[in-house]
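Chain residues, written in single-letter form:
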Amino acid sequence: MTTATTERTVLERFPAGGPRGSWPAEEFAHARRLEGLPAEVVMDLATDNFLVVVKAVNS
């Protein structure tokens, strides 16, 4: 049986308290996706930040 672990690289952090209607983490992730990186946004509840991450699966 093979198990895979998922590691994430944090590309950038954005505070959750941005101005209303502002989505800087999503905009940053979108720009990275246009460059070919599979970037996604996740919420770090402990620090109240949005993180733009790229997953890497290692087996």
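The structure this text deals with has already been given above.
Residues numbered from 1 in each chain as written. Predicted model: local features only at pLDDT ≥ 70, side-chain atom pairs only at ≥ 80, totals over all residues. Heavy atoms only, no water.

**Structural notes on the nonpolar core**
Logical step 1: Counting residues in each nonpolar core, the largest one holds six residues, listed as Phe-14, Ala-25, Ala-29, Ala-39, Val-52 and Val-54.
Logical step 2: Elements represented by at least two residues in this core include exactly helix H1 (24-34) and strand S3 (49-58).
Logical step 3: The residues touching Val-52, leaving out its near neighbours within four places in the chain, are Thr-9, Val-10, Leu-11, Glu-12, Phe-14, Ala-25, Phe-28, Ala-29, Ala-39, Glu-40 and Val-41. (Core = buried A, V, L, I, M, F, W, Y, C linked by side-chain atoms within 4.5 Å. Buried < 20%, exposed > 50% of the residue type's maximum accessible area, 1.4 Å probe, protein only. Helix = DSSP H or I, 4+ residues; strand = E, 2+ residues; numbered from the N terminus. Contact = heavy atoms within 4.5 Å.)

**Quick word on the layout of surface pockets**
In this approach a probe as big as a water molecule rolls over the atoms, and the regions it shows empty are the leftover space.
Logical step 1: Roughly 200 Å³ of volume is contained in the largest pocket.
Logical step 2: What lines the largest pocket is a set of 14 residues, among which Ala-16, Ser-22, Trp-23, Pro-24 and Phe-50 lie closest to the centre.
Logical step 3: Those elements that place two or more of their residues in the lining of the largest pocket are strand S1 (5-15) and H1.
Logical step 4: Looking at the lining of the largest pocket element by element, the count peaks at three residues for H1.
Logical step 5: When grouped by side-chain class, the residues that make up the lining of the largest pocket number nine nonpolar, three polar and two charged. (1 Å grid on protein atoms, 1.4 Å probe; cavity = no way out; pocket = protein on both sides within 12 Å on 5 of 7 lines; lining within 4 Å. Points joined across faces, edges and corners; volume = space filled by probe spheres on them. Nonpolar A, V, L, I, M, F, W, Y, C, P; charged D, E, K, R; others polar.)

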